Amino acid sequence: MKVYPPEKIRNVALVGHSGAGKTTLAEALLYRAGTISRLGRVEDGNTVTDFDPEEHERGHSLSLALAPIEWNGYKINVIDTPGFADFVADVYAAIHVADLAVFVVSAVDGVEVGTERAWRIAEELGVPRMIFINKLDKEEASFDRTLDSLQERFGAGIAPIELPIGEKAAFHGVADLFTDKAYVYDSGSAKEVEIPEELEAREHEVHDNLVEGIVVADDDLLERYLEGDVPDAHELEKTMARGVAEASVFPVVCGSATGPIAVDRLADFIVEIGPSPLRRTTMTVTAGGSEVEIDLKADGDPLVQVFKTIADPYVGQISLFRVLSGKVMPEQSLHNQRSNKDEKMSKVASMVGKESVLVDSLPLGDIGAVAKLNDTGTGDTLSVKSQ
């Protein structure tokens, strides 16, 4: 896999209640990106991120899993998470290392307890949030009911930027509130069309509300808007991106992961308005038994934090980590201050489900994996010995 600079990396945790479709959405993102050639199904036990035999048996995720994709010149590190309360530690770990939490909410079931639990974690950690209303092609699905529930539970920051075209079995596309264009998926891929006549009045109303909600956050845009100069789609996205990074605005998009419908547009929005790892300039980590605030620098000394440890039956212990500073290279030796041991980063990789893809290096903000760290556990940091 190609090495991407920090500004071209997006770390995204898919979170929400069990059954909302997180694993199916991860599969659909992999498919739309061309990483896999056919869609697996949770029911068939052949998805990329549910690879453990017990997950196949139970039919739901038991652990977080990585699924990086390459999308329009960006690398999106997708972290699929379990939805059951028993595995909330993995949800916390995923949100902690993510720069954006995408909440997958079923349009049939609405906001459930797992959604609220993950929201509290993201709120506590100050992590930006986006919402994907899923399963709009299912019977009993309702975009409006789900949106009302989101706004009731999570407040005025909930901002729809898409509307569905069609309902239930007739759902076949979305209207983009930034551009006033529609995208339908009748042929399987997106085709740009005009807003359907029956949706025009509502789309214009919600578009105007969205514009007004965005411009109030920017004095220059507000002044221009009051003088009759409506910002274009690029300016609106740029201003919303600042609100997303500040965790004050929470965009809502919609689609169907099983379709897949509008999953490609979710990926577009992740790279366009989702924050990069450069959003964080400092971080507090535990090193040598005490908490230390560190500067996160692309050209600094390498520093990584292990956020998940996996026991693999073939290669032994695999440590998943985020690069907090500098750049990590294969064969590099780093020091664990907790155990006071040196560890060799022998083969550095990106994990795609259970498969490892070797990489030449991992820069600031990227997420990777390394096998056989003998004295390192989850939560440990590794740095050059002088730190």
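Quick caveat: nothing in here was measured; it's all calculated off a predicted structure.

(A) Structural context of the overall build of the protein. Each helix and strand counted, the protein has nine helices and 21 strands in total. Its C-alpha radius of gyration of 21 Å places the protein within 12% of the 21 Å reference for a compact globule of 387 residues. For the protein, the C-alpha atoms occupy an extent of roughly 65 × 50 × 35 Å along the three principal directions. Per-residue burial for the protein yields a buried fraction of 53% across its 387 residues. Within the protein, residue pairs in contact and separated by at least 24 positions form 67% of the contacts whose partners lie at least 6 positions apart. Approximately 16700 Å² of the protein is accessible, and the part contributed by carbon and sulfur atoms is 46%. With 37 positive and 66 negative side-chain charges, the protein shows a spacing of 7 Å between the two charge centroids.

(B) Highlighting the nonpolar core. With 97 residues, the main nonpolar core has Leu25, Ile76, Val102, Ile131, Ile133, Ile158 and Met240 as its most contacted residues. Take this core: its biggest share by element is seven residues, from helix 9 (residues 263–273). The contacts of Ile133, once residues within four sequence positions are left out, are Val105, Ala107, Phe143, Thr146, Leu147, Leu150, Val252, Val253, Cys254 and Gly255.

(C) Fine view of the sheet that holds strand 8 (residues 173–176). Here four strands make up an open sheet; going across it, the order is 7-8-9-10 and the pairing antiparallel. Of all the strands in the sheet, the pair left with one neighbour each is strand 7 (162–165) and strand 10 (191–193). Ignoring which end each strand starts from, the neighbouring axes of this sheet average 30° apart. Across three bridges, the pairing between strand 9 (residues 181–184) and strand 10 is antiparallel. In the strand pairing of strand 10, Val184 is matched with Lys191. Strand contacts of helix 6 (residues 197–215): strand 7 and strand 8, with the helix running at about 170° to strand 7, the strand carrying the most contacts. Strands in contact with helix 9 are strand 7, strand 8 and strand 9; relative to strand 8, the strand with the most contacts, it is inclined by about 30°.

(D) Structural context of the pairing of strand 3 (residues 74–80). With respect to burial, strand 3 is a largely interior element, seven of its seven residues being buried. In strand 3, alternate side chains face the same way, and those of Tyr74, Ile76, Val78 and Asp80 on one face and Lys75, Asn77 and Ile79 on the other are all buried. As judged from the six bridges shared by strand 1 (residues 9–15) and strand 3, these two strands associate in the parallel manner. Bridge assignment links Ile9 to a residue of strand 3, and that residue is Lys75. The turn linking strand 2 (residues 65–71) back onto strand 3 is made up of two residues, and Asn72 within it adopts a positive phi angle of 50°.

(E) Looking closely at unusual backbone geometry. A cis amide bond, omega -15°, links Gly259 with the succeeding residue Pro260. Residue placement: Pro260 occurs in the loop between strand 11 (250–254) and helix 9. In this structure, Lys168 takes a positive phi of about 55° despite not being glycine. Tracing the backbone through its elements, the reader meets Lys168 in the loop between strand 7 and strand 8. In this structure Lys168 comes out as partly exposed when scored by relative accessible area, which is 31%. Although it is not a glycine, Ala247 sits at a positive phi angle of roughly 60°.

(F) Focus on helix 1 (residues 22–32). Counted residue by residue, helix 1 has eight buried out of eleven residues, so it is predominantly covered. Listing the buried residues of helix 1 in full gives Lys22, Thr23, Leu25, Ala26, Glu27, Ala28, Leu29 and Leu30. Positive backbone phi, at 85°, marks Gly34, one or two positions downstream of helix 1.

Here is what the cut-offs are and how they apply
- Residues numbered from 1 in each chain as written.
- Predicted model: local features only at pLDDT ≥ 70, side-chain atom pairs only at ≥ 80, totals over all residues.
- Heavy atoms only, no water.
- Helix = DSSP H or I, 4+ residues; strand = E, 2+ residues; numbered from the N terminus.
- Rg over C-alpha atoms; globule rule 2.2 N^0.38 Å.
- Buried < 20%, exposed > 50% of the residue type's maximum accessible area, 1.4 Å probe, protein only.
- Contact = heavy atoms within 4.5 Å.
- Areas by Shrake-Rupley, 256 points an atom, 1.4 Å probe, with all protein chains shown as cover.
- Lys, Arg positive; Asp, Glu negative; His and termini not counted.
- Charge placed at Lys NZ, Arg CZ, Asp CG, Glu CD.
- Core = buried A, V, L, I, M, F, W, Y, C linked by side-chain atoms within 4.5 Å.
- Pairing = 2+ DSSP bridges.
- Axes fitted to C-alpha atoms, helices over the stretch in contact; angles between N-to-C directions.

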